[in-house]
Amino acid sequence: MDFDISPTQRQFLDRVTAFMDEHIVPAIPRYEAEMNVLGAERWKVVQVVEELKAKAKAAGLWNFFMPPHSGQTHVDDTFVFEGVQLTNLEYSLIAEQLGKVGFASEVFNCSAPDTGNMEVLMRYGTLAQKERWLRPLMNGEIRSAFLMTEPDVASSDATNIETRIERDGDHYVINGRKWWSSGVGDPRCKVAIVFWCRWTRPASRSSACCRCSAMTTPRTATPR
Ligand SMILES: Cc1cc2nc3c(=O)[nH]c(=O)nc-3n(C[C@H](O)[C@H](O)[C@H](O)COP(=O)(O)OP(=O)(O)OC[C@H]3O[C@@H](n4cnc5c(N)ncnc54)[C@H](O)[C@@H]3O)c2cc1C
């Protein structure tokens, strides 16, 4: 197996490391001070992160994560995703650097669960869904959530999921209880990908699905 670093990977790794040293590490005291002021109201937009996001975007250090198109035909292949779009292997060493500072991933628009959610929207969304959710996520203007884990079942196995979804006229009703939902407390969180199960056990354990749901109603979040 070839573990050499490609020229592309080297170039971005060096630029990210320099940006971390020059802008992100020196901003840690300011970030901590802003978080202290927010206190229990921590689910707010942090100003220093917004300023760093603008700098990283201007420097072309943005959206590293989207792996190249696999060649499959998707529902829509017209949307152009803007960003560096490294392969997973190229991105891996950059992700290692970002992990050194808690808020660094958000600065480069590479934070979970937005990265995975953007990939799902890019691969499987319609053009309308992409314009509504993927574009503002890609631009770092909104946040998203991924709702899989449930309090009553071992949630690492998707076929255990108990949340149900039913069509009701021209919309769907989702019934279930989720927890450990990163990002849902963020005031900019506008979309959630919800995992639900089609069948009641033990009839079948083979059909877990996910669906996008717009976050339009007030919600409560328990800080952790
Ligand atoms: C910081 C943080 C952020 C998170 N953010 C999110 C989020 O945004 N959205 C979200 O949905 N979840 C989130 N989670 C939840 C996390 O993804 C879940 O903890 C995970 O899905 C595992 O589910 P569980 O806790 O129910 O553990 P379980 O499913 O009970 O698994 C516990 C262990 O048992 C093993 N196991 C389970 N069933 C079996 C089996 N049948 N046979 C053998 N081994 C088994 C598993 O492999 C695992 O090692 C977050 C968790 C953390 C800590």
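None of the values given here were measured: they were computed from a predicted structure. (Residues numbered from 1 in each chain as written. Predicted model: local features only at pLDDT ≥ 70, side-chain atom pairs only at ≥ 80, totals over all residues.)

Caption draft 1: Layout of the overall build of the protein chain. When its secondary structure is counted, the protein chain shows seven helices and five strands. Walking the protein chain from its N terminus toward its C terminus, one meets helices and strands in the order α-α-α-α-α-α-α-β-β-β-β-β. Taking all contacts inside the protein chain whose residues are at least 6 apart in sequence as the whole, residues at least 24 apart take part in 64%. (Helix = DSSP H or I, 4+ residues; strand = E, 2+ residues; numbered from the N terminus. Contact = placed C-beta atoms within 7 Å.)

Caption draft 2: Representation of the site of the ligand within the structure. Taken together, Pro113, Phe146, Leu147, Met148, Thr149, Ala154, Ser155, Ser156, Asp157, Trp180, Ser181 and Ser182 make up the full set of residues near the ligand. When its residues are assigned to classes, the shell around the ligand shows six nonpolar, five polar and one charged. (Near = placed C-beta within 6 Å. Nonpolar A, V, L, I, M, F, W, Y, C, P; charged D, E, K, R; others polar.)

Caption draft 3: Looking closely at helix α6 (residues 114-124). Along α6, the residues classified as buried are Asp114, Asn117, Met118, Leu121 and Met122. Buried residues of α6, viewed axially, fall in a sector of 135°; they line one side. (Buried ≥ 20, exposed ≤ 12 C-beta atoms within 10 Å, placed from the backbone. Arc of directions from axis to C-beta.)

Caption draft 4: How the structure looks around the confidence of the model for the protein chain. Confidence in the prediction for the protein chain averages 88 pLDDT; 88% of positions are at 70 or higher. Predicted confidence is poor over residues 220-224, with pLDDT under 50, and the contacts of this stretch with residues over four places away or in other chains come to five contacts. (pLDDT = per-residue confidence, 0-100.)

Caption draft 5: Inspection of the packing of helix α1 (residues 7-24) against helix α4 (residues 88-98) at higher detail. Here α1 crosses α4 at 15°, and the two axes come no closer than 9 Å. Classified by the angle between their axes, α1 and α4 sit roughly parallel to one another. Considering how the two elements wind past one another, α1 and α4 form a crossing that is right-handed. Where α1 abuts α4, its residues Thr8, Gln9, Phe12, Leu13, Val16, Thr17 and Met20 lie against Glu90, Leu93, Ile94 and Gln97. Classifying every residue of the contact of α1 with α4 by side-chain character gives six nonpolar, four polar and one charged. (Axes fitted to C-alpha atoms, helices over the stretch in contact; angles between N-to-C directions. Parallel < 35°, antiparallel > 145°, perpendicular 65-115°, else oblique. Left-handed = near helix turned anticlockwise from the far one by under 90°.)

Caption draft 6: Fine view of the nonpolar core. With 39 residues, the main nonpolar core has Phe64, Phe108, Met118 and Leu134 as its most contacted residues. If you list the elements that add at least two residues to this core, you get α1, α3 (47-58), α4, α5 (104-107), α6, α7 (127-138), β1 (143-147) and β4 (189-197). Looking at this core element by element, the count peaks at seven residues for β4. Inspection of this core shows a minimum of three residues originating in each of domain 1 (1-111) and domain 2 (142-224). Contact partners of phenylalanine 64, with chain neighbours within four places excluded, come to Phe12, Gly83, Val84, Leu86, Tyr91, Ile94, Phe108 and Cys110. (Core = buried A, V, L, I, M, F, W, Y, C linked by C-beta atoms within 7 Å. Domains from an automatic or database assignment.)

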